[in-house]
Amino acid sequence: AQPKGTPTTHIFLHRPYCFILHNSISFFYLTTMKFSAFIIAAAAGSASAFAPAPIKARFALSAATLEAPPAEAAAVEEPAADASMDVEQDFPVADNFVKDSDRIMPGRYNGKEKSIAIPFLPRPTALDGSHAGDYGFDPLGLSEKLDFYAMQESEVRHARLAMLAAVGWPMSELLAPQWMLQHGCAPSVLNGANPLAALSIIGFLGAAGYFELKTSLRQSSSTPMGKIHSKDMSAVWKYGVAGDYNWDPLNLYSSCGDDFKGRKGLRDVELSHGRVAMLGITYFAFWEALTGHPIVENNMLFHPNALFPLLVAGYTAWSQIYEVGPLNEYPIEIKYANEGEMKLKRVQNGIKDAVEQISESTAQSKKTLDELDSKFGIYEAPKKAIDAVRSTYKYW
């Protein structure tokens, strides 16, 4: 308020000084604030060298920031978080990737020092249980000297030919006309052959050789079955499975299971039958060469008889009660099968009850006959009849 009695000119003379004074104070205040801000920023920068880096982004302090209204300062935005961090993503997987649970893993027999087939010999290094039909049988160490895949291929081929021959050899002796046989025996290297049979054998061997030439260096990894085998054996080697011709017209390969375990199990069965067939056809050839008689002659396997069914029934009954222990454990024992002891006791109790029933029935029958004999003398009746017949000899 303007004091009373003060001249108007005096008031106007003081207004410029008040304005200058006000501006000086404001300038001093702002300068002081800016200097303080500079000191604080420098101190904060020095301290930040010893402190861990903050998660949020920092921005520099400035006079404009300090002078800005609170609403304007709050408007400074923080960097947005990456939205993809909260979303599950599918990483690309290679086309040839196979899980360990879906393929054969090597080293099944790594914990065994001795061979399963020959327990007193060490286990061959290459025979670790990864391949079908592997029982550690290699007394000559050929698996460590020769090409392992080529040996497997050769075994599979011989096994398949032997299975065909084990059926064809006796069938030819049973069904073929005599002019195709050699004294009733199948023509062979040891038995000899007539000209027509020799030409047939040469033609077959030529066809087999041509087939061998065309398929020995085949590439099976590109076929549908070869791709499956490559995945099954990818942890073992890159060659797939020996003997793969991509041939399964009846779709029997998955009959034991459509996975690597089922396929390997069926290959085990094939090799087991093939090995038995190789032994069998060797026995056929040597037996006929030594005896000169066909293998089907007087053989219970090829002629109707009661002995062979009885042997099969006996073996089936025995296998229901007993089983042979593992061949790689010493000593090899014959022990009860699953529930074998209970089955044996059941059979023994059944036989015992049957014998008791028969004994009781026999005793009851004898008692009845004794009663009839005491009344009618039936025991003496046959003797009386024989004596009566003999007494008539003089009339004959």
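Quick notes on the overall build of the protein
Check the secondary structure of the protein and you find 10 helices and two strands. Listing every helix and strand of the protein by position from the N terminus yields α-α-α-α-α-α-α-α-β-β-α-α. Scored against the burial criterion, the 396 residues of the protein give a buried share of 20%. The long-range fraction of contacts in the protein, counting pairs at least 24 apart against all pairs at least 6 apart in sequence, stands at 45%.

Notes on the nonpolar core
Across soluble globular proteins, nonpolar side chains have a tendency to be buried as a group. Core analysis: the largest hydrophobic core is formed by nine residues, namely Ala162, Trp169, Ala186, Ala277, Ile281, Phe284, Ala285, Ile295 and Val296. Going through the elements one at a time, helix H4 (148-175) and helix H7 (260-291) are the ones with two or more residues in this core. Here this core gets four residues from one element, more than from any other, and that element is H7. Residues in contact with Ile281, not counting those within four places in the same chain, are Ala162, Ala165, Ala166 and Trp169. Counting residues in hydrophobic clusters, the runner-up holds seven residues, among them Leu127, Phe148, Met233 and Phe260.

Some remarks on the packing of H4 against H7
Each pair of packed helices can be described by the angle between their axes along with the distance between the axes. With their axes 7 Å apart at the nearest point, H4 and H7 run at an angle of 50° to one another. As far as their axial angle goes, H7 and H4 are oblique. Considering only the axes of H4 and H7, their crossing is left-handed. Contacts between H4 and H7 involve Glu155, Val156, His158, Ala159, Arg160, Ala162, Met163, Ala165, Ala166, Trp169, Pro170 and Glu173 from the first element and Glu270, Leu271, His273, Gly274, Arg275, Ala277, Met278, Ile281, Phe284, Ala285 and Glu288 from the second. Its residues assigned to classes, the contact of H4 with H7 shows 14 nonpolar, three polar and six charged.

Notes on a nonpolar patch on the surface
Side chains of Met300, Leu301, Leu307, Phe308, Leu311 and Val312 sit close together on the surface and give an oily, nonpolar patch of about 520 Å² of accessible area. Here Met300 lies in the loop between H7 and helix H8 (307-321).

Examining the environment of Met105
Along the polypeptide, Met105 turns up in the loop between helix H3 (70-74) and H4. Contacts of Met105, omitting those with residues within four sequence positions, involve Asp100, Ser130 and Ala235.

Some thoughts on the confidence of the model for the protein
Summing up the model confidence of the protein, the mean pLDDT is 78 and the portion of residues at 70 or higher is 75%. Throughout residues 1-31 the model reports pLDDT below 50, and contacts reaching past four residues in sequence, or to other chains, amount to five contacts.

A few points about the pattern of salt bridges
Under the counting rule described, the total for this entry stands at seven salt bridges. Note that Arg157 and Glu153 form a salt bridge whose closest N and O atoms lie 3.4 Å from each other. With Arg157 and Glu153 both in helix H4 and four residues apart, this pair spans about one turn of that helix. The pair formed by Arg157 and Glu153 is uniform in burial state, with each residue classed as buried. The partner of Asp258 in a salt bridge is Arg263, and the shortest N-O contact between them spans 3.3 Å. A relative accessible area of 64% means that Asp258 is categorised as exposed. Through salt bridges with shared partners, a single network forms among Glu153, Arg157 and Glu212.

Observations concerning the packing of aromatic side chains
Under the counting rule described, the total for this entry stands at 10 aromatic pairs. With a centroid separation of 6.5 Å and 45° between ring planes, the pair formed by Trp169 and Phe284 is classed as tilted. Taken together, the residues Trp169 in helix H4 and Phe284 in helix H7 connect sequence positions 115 residues apart. When sorted by exposure, Trp169 lands in the same class as Phe284, which is buried. Measuring from ring centre to ring centre gives 6.1 Å for Tyr283 and Phe284, while their planes differ by 55°; the resulting arrangement is tilted. Here Tyr283 falls in the partly exposed class, since its relative accessible area comes to 45%. Overall, Phe284 belongs to the buried group, its relative accessible area being 12%. Taken together, Phe148, Tyr149, Trp237 and Tyr239 form an aromatic cluster joined through their ring pairs.

Analysis parameters
- Residues numbered from 1 in each chain as written.
- Predicted model: local features only at pLDDT ≥ 70, side-chain atom pairs only at ≥ 80, totals over all residues.
- Heavy atoms only, no water.
- Helix = DSSP H or I, 4+ residues; strand = E, 2+ residues; numbered from the N terminus.
- Buried < 20%, exposed > 50% of the residue type's maximum accessible area, 1.4 Å probe, protein only.
- Contact = heavy atoms within 4.5 Å.
- Core = buried A, V, L, I, M, F, W, Y, C linked by side-chain atoms within 4.5 Å.
- Axes fitted to C-alpha atoms, helices over the stretch in contact; angles between N-to-C directions.
- Parallel < 35°, antiparallel > 145°, perpendicular 65-115°, else oblique.
- Left-handed = near helix turned anticlockwise from the far one by under 90°.
- Nonpolar A, V, L, I, M, F, W, Y, C, P; charged D, E, K, R; others polar.
- Patch = residues over 30% accessible without salt bridge, like charges linked within 9 Å, V, L, I, M, F, W, Y side chains within 5 Å.
- Areas by Shrake-Rupley, 256 points an atom, 1.4 Å probe, with all protein chains shown as cover.
- Salt bridge = Lys/Arg side-chain N within 4 Å of Asp/Glu carboxyl O.
- pLDDT = per-residue confidence, 0-100.
- Phe/Tyr/Trp six-rings, centres within 6.5 Å; stacked < 30°, edge-to-face > 60°.

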